[in-house]
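Next come the chains, spelled out residue by residue.
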Protein chains: 2
Amino acid sequence: MEVKVAGVSTTKFGKHTDSSARELFSEATLNALEDAEVAPQEVEGVYFGNFNGEFSEHQGHMGAMMSDYIGAREAESMRIDSACASSGVAFREAYKAVAGGFQDVAVAGGAETMFIMGTAKATDALAVAADDKFEVQAGLTFPGLYALMARAHMREYGTTREQLAEIAVKNHEFGYNNPYAQFHKKIDIDDVLEARMIATPLGLYDSCPITDGASAVVIVSEEYARENGLEANVSVVGSGLASDSIALQDRDSLTYTPATEIAAKKAYEQAGVDVADVDVAEVHDCFTIAEVLALEALGFYAPGEGGYAAVEGETKLGGRIPVNTSGGLKAKGHPVGATGGAQIVDITEQLRGEHPNQVDGAEIGLAHNAGGTVASAAVHILRRD
Amino acid sequence: MEVKVAGVSTTKFGKHTDSSARELFSEATLNALEDAEVAPQEVEGVYFGNFNGEFSEHQGHMGAMMSDYIGAREAESMRIDSACASSGVAFREAYKAVAGGFQDVAVAGGAETMFIMGTAKATDALAVAADDKFEVQAGLTFPGLYALMARAHMREYGTTREQLAEIAVKNHEFGYNNPYAQFHKKIDIDDVLEARMIATPLGLYDSCPITDGASAVVIVSEEYARENGLEANVSVVGSGLASDSIALQDRDSLTYTPATEIAAKKAYEQAGVDVADVDVAEVHDCFTIAEVLALEALGFYAPGEGGYAAVEGETKLGGRIPVNTSGGLKAKGHPVGATGGAQIVDITEQLRGEHPNQVDGAEIGLAHNAGGTVASAAVHILRRD
């Protein structure tokens, strides 16, 4: 069954300490349903990504909660946790439900409320994406884990702090034009290099922020879209999901993320496209080094070459593959469980020609959402009809 | 695509304070794979149910962890939380993956480690299955919520404590013969009625225990089973999942659980069977009243009549519909995220004719897994080929 993206929306990303996850997700979903011109009671499946609800709101079982709050009380629902890839995986499950002929209308997305925890508790809550027994109890947090990957990349390939800094500069420039982004502040290389160190070699501007927000994507079967006269002109043509060991120590290499490569290979094959066909991509840049790792594992760059992308301008507008035109996790923000869904929102807007940082003539877009130190990776390819 | 159950297993249910979720789930899965005669690296999808990992082991992102620990590191994976229905929903997602043609071999199940938290912390952790803002902060815990439902059923239909007690007696009798059950202790009506009160009218023996354990089910496509000569003679013929408001206060009735009825209707229709065709059922008896509510919503009894089932012996061996021959959540135990998978294990053993409380000639079995106060309900129907 062919799958169409019918409606998309995110809340403003940023600080929403007066709103709970149910409020943020309802806002995003009702706007996405309005965008799709689909009534809430038409929704048959709710695939909800959330990572830290237990810690932030003392709330689990959010799938059922969300199906009710968006106006589809009886729908099939679930909460999916694949750490920072939660809503990328939720989108994958929604895709399977519609593509497999089980449902005609599904909502995928997520929500996260992080600010309410404060930085220390949020850092501790995020750490449950790593291996508690073998990483966290040894003192590692996520900045530390990605710092290890960055150091290894530097040693192995000569990647520099300046190259990483260019990624932050680029993503802040993109975020500046995105009304839904958390940060609207252009920065330069020196801002990045002189910012306080978080976990050497990653400084404050190499790291994504703490963010509240929600995302929602309404997908429908081609048949439903036709019968209901929906203007759904973006198709999901490739979908891949793969895993890796949750602990870095169990891997052969710190500079290679096979889960991304495997998921991407599945998505490319299904879509019948080559990496060179992709016009625009959202990739998981929780830290600047993560964008490098993603570009390499997705096949945009050879191993070790990803550091040159931003410096050479190749991932900016007008470059060969504009990356994170939303601002990315770095500047748009990273409401963990909402991030993968938000990437689909941005890619859809690009393919519709409605993006604030529009890539001229974008026809094929890619979304890459990673969990933990890429122990989970979801890759989706969308195409303008 | 037709879906076959190829292998099943659970750990012993009970106290496993020396084991983590990854150890319990690996044990169950490796045994299920051996039962199936399928190698771990054949597994393409891991659908893992878990509810309280953040609180019990400071561990989220368990899908990726489990795919690695069972020997299928690169497989598609996710952790699903639908509260106490987590692995019923995980089984549904695995089913969709195979039935929809996305995968040939998938593992569904779950694990939970509860004892490590102690009773007070576990009660608090379980409470995140309810609506924190509108129920838990008002002082409600799960025994309290189900006590409200029991009281309403008593007032509305005249259901008695003695009728509920018969359910506990029956399920303990079944558990006595199940080597994997937490309790091997027969009880009588007086034991139940005289036990200390937990939340009026539900006493200690009306309530399921705190349990550690894991379950795993290997499902395969009919084609894969045939090509690999597997002895997979149980088919998944019906699958339904539905939701309700997470908060009791938002419902029209405290004695009716529509999520179960809707999920069951979908499963019956897909299977082409009537409730009268079902030979054996595992239903979600987290409290004795929950078995009554399930029997009514599944259609085995008319509203208000479920209380007579155990008293009349109709849900015992030789009765018209033996229910919870495993011992149920009551006596087998309730390792939250593992429970739905364990129900599929028991039904499969019944249909294979290998159950310690065998129902003679069982051909069609039903598994009903509920989350929260039945805000989520998954119903599956299995058939012996």
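The structure presented is a predicted model; accordingly, all values stated were derived computationally and were not measured. Per chain, residue numbering runs from 1 following the sequence as it is written. In the order they appear in the text, chains get letters beginning with A and ligands get numbers beginning with 1. Per-residue local features are limited, in this predicted model, to residues with pLDDT of at least 70; the limit for side-chain atom pairs, both in listing and counting, is 80 or more; totals at the level of whole chains, interfaces and linings are taken over all residues. The basis for every side-chain value is the complete set of heavy atoms in the structure, and neither hydrogens nor water enter the calculation.

## A few points about the confidence of the model for chain A
Next, step 1: As a per-residue quantity, pLDDT reports the predictor's confidence and falls between 0 and 100. Predicted confidence across chain A gives a mean pLDDT of 98, with 100% of residues reaching 70 or more.
Next, step 2: Scored by ipTM, the complex comes to 0.98, with pTM at 0.98.

## Examining empty space enclosed by the protein
Residues and elements named next belong to chain B.
Next, step 1: Cavity means a closed set of points on a 1 Å grid over the protein atoms alone, one where a 1.4 Å probe fits but cannot get out, pocket means an open set with protein on both sides within 12 Å along at least 5 of 7 lines, and lining means a residue has an atom within 4 Å of a point. Grid points are joined across faces, edges and corners, and a volume is the space filled by probe spheres set on the points. Across all of its chains, the model carries 4 cavities of 30 Å³ or more by this definition.
Next, step 2: The computed volume of the largest cavity comes to approximately 70 Å³.
Next, step 3: In terms of lining, the largest cavity is formed by Thr 10, Thr 11, Phe 13, Asn 178, Tyr 180, Lys 332, Val 345, Asp 346 and Glu 349.
Next, step 4: Secondary structure elements are defined from DSSP: runs of H or I of at least 4 residues count as helices, runs of E of at least 2 residues count as strands, and each element is numbered from the N terminus. The element contributing the most residues to the lining of the largest cavity is helix α14 (residues 339-352), with 3 residues.
Next, step 5: Under the grouping applied here, Gly and all other residues not named as nonpolar or charged are polar, the nonpolar ones being Ala, Val, Leu, Ile, Met, Phe, Trp, Tyr, Cys and Pro and the charged ones Asp, Glu, Lys and Arg. A breakdown of the residues in the lining of the largest cavity according to their chemical character gives 3 nonpolar, 3 polar and 3 charged.

## Looking at the side chain of Ser 239 of chain B
All names here are of chain B.
Next, step 1: For Ser 239, the position within the fold is in strand β8 (residues 234-243).
Next, step 2: A polar contact of 3.0 Å, which involves the side chain of Ser 239, links it to the side chain of Arg 92.
Next, step 3: Excluding residues that lie within four positions of it along the chain, Ser 239 makes contacts with Arg 92, Tyr 95, Lys 266, Ala 267, Gln 270, Val 379 and His 380. We define a polar contact as two N or O atoms separated by no more than 3.5 Å, with the added condition that, inside protein, one atom must be a possible hydrogen donor and the other a possible acceptor, whereas residues neighbouring each other in sequence contribute only through side-chain atom pairs. Contact criterion: two residues are considered in contact whenever any of their non-hydrogen atoms come within 4.5 Å of each other.

## Regarding the packing of helix α4 (residues 86-99) of chain A against helix α14 (residues 339-352) of chain A
Helix-helix packing is characterised by the crossing angle of the two axes and by the distance between the axes.
All names here are of chain A.
Next, step 1: Fitting a line to C-alpha atoms yields each axis, with helices limited to the stretch in contact; the angle taken between N-to-C directions then spans 0 to 180 degrees. Running from N to C, α4 and α14 cross one another at 65°; their axes reach a closest spacing of 5 Å. What the angle tells us is that α4 and α14 run roughly perpendicular. Here Ser 87, Gly 88 and Phe 91 of α4 lie close against α14, whose contacting residues are Thr 339, Gly 340, Gly 341 and Ile 344. Each angle gets one of four labels, with under 35 degrees taken as roughly parallel, over 145 as roughly antiparallel, 65 to 115 as roughly perpendicular, and the rest as oblique.

## Some thoughts on the pairing of strand β4 (residues 105-112) of chain A
Residue and element names in this part refer to chain A.
Next, step 1: Within β4, 8 of the 8 residues are buried, which leaves the element mostly enclosed by the surrounding structure.
Next, step 2: Three exposure classes are used, based on accessible area relative to the maximum for each residue type with a 1.4 Å probe and protein chains only: buried under 20%, partly exposed in between, and exposed over 50%. Side chains of β4 alternate between two faces, with Val 105, Val 107, Gly 109 and Ala 111 and Ala 106, Ala 108, Gly 110 and Glu 112 buried alike.
Next, step 3: Two strands qualify as a pair provided that DSSP identifies no fewer than 2 bridges between them. Note: strand β2 (residues 45-49) against β4, 5 bridges, orientation parallel. Opposite Val 46, over in β4, you have Val 107 as the bridge partner.
Next, step 4: One ladder, built from 8 bridges, connects β4 with strand β7 (residues 213-221); its direction is antiparallel. Of the residues in β7, the one forming a bridge with Val 107 is Val 218.

## Here we look at the relation of the copies chain B and chain A
Next, step 1: For the match of chain B to chain A, the screw axis carries a shift of 0.0 Å, the RMSD comes to 0.0 Å, and the turn is 180°. The superposition operator between the copies reduces to a two-fold rotation axis.
Next, step 2: Mapped onto chain A, 98% of the interface residues of chain B are again interface residues, and the two copies thus contact each other with one and the same surface. For this overlay, a least-squares fit was computed on C-alpha atoms, restricted to residues scoring pLDDT of at least 70 in both copies.

## Considering helix α10 (residues 258-271) of chain B
Residues and elements named next belong to chain B.
Next, step 1: For α10, which comprises 14 residues, the first-to-last C-alpha distance of 20 Å matches the rise-based estimate of 20 Å (1.5 Å per residue) to within 8%.
Next, step 2: Taken residue by residue, α10 has Pro 258, Ala 259, Thr 260, Ile 262, Ala 263, Ala 264, Ala 267, Tyr 268 and Ala 271 as its buried positions.
Next, step 3: Where α10 is buried, its residues meet β8, α11 (288-297), β10 (364-371) and β11 (376-384). Expected helix span is computed as 1.5 Å times (number of residues minus one).

## Let's talk about the nonpolar core
Next, step 1: If you look at the biggest cluster of nonpolar residues, it comprises 79 residues, and the most contacted ones within it are Tyr 146, Leu 202 and Ile 289 of chain A together with Tyr 146, Leu 202 and Ile 289 of chain B.
Next, step 2: Looking at this core, the elements that each hand over two or more residues are α5 (118-126), α6 (142-157), α7 (161-176) and α11 (288-297) of chain A together with α5 (118-126), α6 (142-157), α7 (161-176) and α11 of chain B.
Next, step 3: With residues near it in sequence (within four places) discarded, Tyr 146 of chain A still touches Leu 202, Cys 286, Phe 287, Ile 289, Ala 290, Gly 372, Thr 373 and Val 374 of chain A.
Next, step 4: Definition used in this section: a nonpolar core is a set of buried Ala, Val, Leu, Ile, Met, Phe, Trp, Tyr and Cys residues joined via side-chain atoms within 4.5 Å. One finds Ile 80, Ile 219 and Val 280 of chain A together with Val 359 of chain B within the second-largest nonpolar core, a separate group that totals 64 residues.

## Quick notes on the packing of helix α1 (residues 21-36) of chain A against helix α3 (residues 62-69) of chain A
Residue and element names in this part refer to chain A.
Next, step 1: In contact at an axis separation of 9 Å, α1 and α3 are set at 50° when each is read in the N-to-C sense. Taken together, the axes of α1 and α3 lie oblique to each other. Crossing of α1 over α3 shows right-handed handedness. Residue-level contacts link Ala 21, Arg 22, Phe 25 and Ser 26 of α1 to Met 62, Met 65, Met 66 and Tyr 69 of α3.
Next, step 2: Residues belonging to the contact of α1 with α3 are distributed by class as follows: 6 nonpolar, 1 polar and 1 charged. If you view the pair so one helix is near and one far, a crossing is left-handed when the near helix is turned anticlockwise from the far one by less than a right angle, and right-handed when it is turned clockwise.

## Quick notes on the pattern of salt bridges
Next, step 1: The salt bridge definition used is simple: a Lys or Arg side-chain nitrogen within 4 Å of an Asp or Glu carboxyl oxygen. Inspection of the entire model under this criterion finds 42 salt bridges over all chains.
Next, step 2: The partner of Arg 73 of chain A in a salt bridge is Asp 68 of chain A, with the nearest N and O atoms 2.8 Å apart.
Next, step 3: Given the relative accessible area of 14%, Asp 68 of chain A is considered buried.
Next, step 4: Measuring nitrogen to oxygen at the nearest pair gives 4.0 Å for the salt bridge that ties Glu 166 of chain A to Lys 316 of chain A. Of this pair, Glu 166 of chain A sits in helix α7 while Lys 316 of chain A sits in the loop between α12 (308-311) and α13 (328-331); the two residues are 150 residues apart in sequence, bridging distant segments of the chain.
Next, step 5: Take Glu 166 of chain A: its relative accessible area is 19%, and that puts it in the buried class.
Next, step 6: By sharing partners, the salt bridges in this structure join Glu 54, Arg 79 and Asp 81 of chain A together with Glu 54, Arg 79 and Asp 81 of chain B into a single network.

## Considering unusual backbone geometry
Next, step 1: Cis geometry marks the peptide bond from Thr 200 of chain A to Pro 201 of chain A; its omega dihedral reads 10°.
Next, step 2: Tracing the sequence through the fold places Pro 201 of chain A in the loop between β5 (197-199) and β6 (202-203).
Next, step 3: Here the phi dihedral of Ala 83 of chain A falls at roughly 55°; this positive angle occurs in a residue that is not glycine.
Next, step 4: Along the chain, the position of Ala 83 of chain A falls in the loop between β3 (76-81) and α4.
Next, step 5: Take Ala 83 of chain A: its relative accessible area is 0%, and that puts it in the buried class.
Next, step 6: Phi at Val 374 of chain B takes a positive value of approximately 60°, unusual for a residue other than glycine.
Next, step 7: With respect to the helices and strands, the residue Val 374 of chain B is situated in the loop between β10 and β11.
Next, step 8: Exposure remark for Val 374 of chain B: the relative accessible area of 5% places this residue in the buried category.

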